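# Topology and contacts: notes
This is what each chain is made of:
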Amino acid sequence: MIRKFWVRNYLSIRDRQELSFIAKTPSSELVTEVVEGVFLYKLGILYGSNASGKSNMLLAMNKVFHLLVHPKSNASELIDGSVPFVLTRNEPTEMFVSFYADGIRYDYHVTFNEKHVLSEVLYYYPNRSKSQFYERTFVGENVQADIKFGGSLKLQLKTQERIRENTLNNHSVLSVCSKIALTEDIAPLNALHGWLTDKYHDVDGGKVKGIIEILREAYAEPRKRGFFNLMLQKADLNISEFRPIDEDRILSGEVREQILRQDFPEKAKKELLKPTTESVAFVNHSADGSFEISLKGQSKGTQKYIRILGALYDMLTGPHVFCLDELGEDLHYDLLYYYLNVFIFNSTHSQLIITSQETTLLSQDFINENRGVVWFVEKNKSTASSEYARGDSFGLHKNMSLYNSYRIGRLGAKPELGSIFINLEK
């Protein structure tokens, strides 16, 4: 779980902006005790007008974890996603994240530009006491970075040297774990790298899998299939279950000829010319009996809901961190509210961080009474930089509605649209 995150000079963020998920007490189901005496919010919601920078904070968190675990194959590769604030483009980006993995706290601080990791330091807290994991400093182009390892890791000298040799200037020290196989005992590094790879997920799950792949994988796993069927039934979509099917693929002669003329592998051509294609059918009910509707016949909202069920399943069955952008888009408000409640009341050490335009959530008691889970995002008119304010930082009396305060503009993060009357002659 993420404890705290801050970023400077990234995308629309110029000055340091911070998200803190630290809660003072276990006041509600929104809070979990990640280790004894440490309470964190399981949910985070970012509100703001279009182009305010809500999504950029999710992308920044995504970037720092991506940098930690993914290595580069050669030193000339640029650090993908390195996009500093446009007016300070010549300055490095700086990020810090404090998080818990398998009950151990880690603090990671990194400074980088598009070519090099300029500095990084990773601390951890085994037995609740702070120890250095490693510290790394950029020395120069084509020069091995200066890397120092903490004594508590107990790495052999030859292990340390091999890690140094495989750490390029454009990726983190920890990411070497997925680059080489070390026979020596580097259990602490492998444990952290494995946790981040398995438990922290790219924004919207990376959108790597298509909806058919998501459903067919769920169908192949009985427990997950049961969960998907249950959630589809509870969503009042008139769907009782789903099953994989093969649909006929109708290709005109002209399309077939075009595929055959294309300059790509024969295997790919064969796949495109197959007479059938994989799909999914959904069983619906009526007074006259059951019938099936294929995926193509499902609404945009139903397909969006199916996409986020995989994330929900993971968060209920293990400690996972998901960031979902514009959650609520294409969903009925009641279904969004239900989805969040299923997560809140059935998860333990998972965390869900979302952006949303569904301001009605602010009227719900579980949000109004836990204002630390909400951030309001807006662009500073002087600097054009995004700024983030936590919901409990405005000094609102507990009896004042967070929803009403936002609607009347007291909390900012709303578009100023001006008059509805337009003079086209000007």
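Summary of the structure given here.

### A short note on the pattern of salt bridges
Counted by the stated rule, this structure contains 15 salt bridges. Of the charged contacts, one joins Asp-15 and Arg-14 as a salt bridge, the two residues approaching to 3.0 Å between their closest N and O atoms. Accessibility expressed as a relative area gives 32% for Asp-15, which makes it partly exposed. Notably, a salt bridge pairs Glu-292 with Arg-243, separated by 2.7 Å at the nearest N-O pair. Remark: Arg-243 occurs in strand 12 (residues 241-248) and Glu-292 occurs in strand 14 (residues 289-294); sequence separation between them is 49 residues. Under the relative-accessibility criterion, Glu-292 is labelled partly exposed at 40%. Through salt bridges with shared partners, one network takes in Arg-8, Glu-91 and Glu-94.

### Let's talk about the side chain of Ser-405
Summarising the element assignment, Ser-405 is placed in helix 11 (residues 402-407). With a relative accessible area of 3%, Ser-405 lands in the buried category. Within the local environment of Ser-405, its side chain forms a polar contact with the backbone oxygen of Ser-401, the two atoms lying 2.9 Å apart. The contact partners of Ser-405, leaving out residues within four places of it in the chain, are Leu-396, Met-400, Arg-410 and Leu-411.

### Brief notes about the pairing of strand 10 (residues 131-137)
As paired elements, strand 9 (residues 117-124) and strand 10 share 6 bridges and run antiparallel to each other. Residue pairing for strand 10: Tyr-124 is matched across the bridge by Ser-131. Where strand 9 hands over to strand 10, the hairpin turn is made up of 6 residues, of which Asn-127 adopts a positive phi near 60°. Two strands pair when backbone bridges link them, and strand 10 and strand 11 (residues 146-149) are joined in this way by 4 bridges, in the antiparallel orientation.

Rules of the game
Residues numbered from 1 in each chain as written. Predicted model: local features only at pLDDT ≥ 70, side-chain atom pairs only at ≥ 80, totals over all residues. Heavy atoms only, no water. Salt bridge = Lys/Arg side-chain N within 4 Å of Asp/Glu carboxyl O. Buried < 20%, exposed > 50% of the residue type's maximum accessible area, 1.4 Å probe, protein only. Helix = DSSP H or I, 4+ residues; strand = E, 2+ residues; numbered from the N terminus. Polar contact = N/O pair within 3.5 Å; in protein donor to acceptor, adjacent residues only side chain to side chain. Contact = heavy atoms within 4.5 Å. Pairing = 2+ DSSP bridges.

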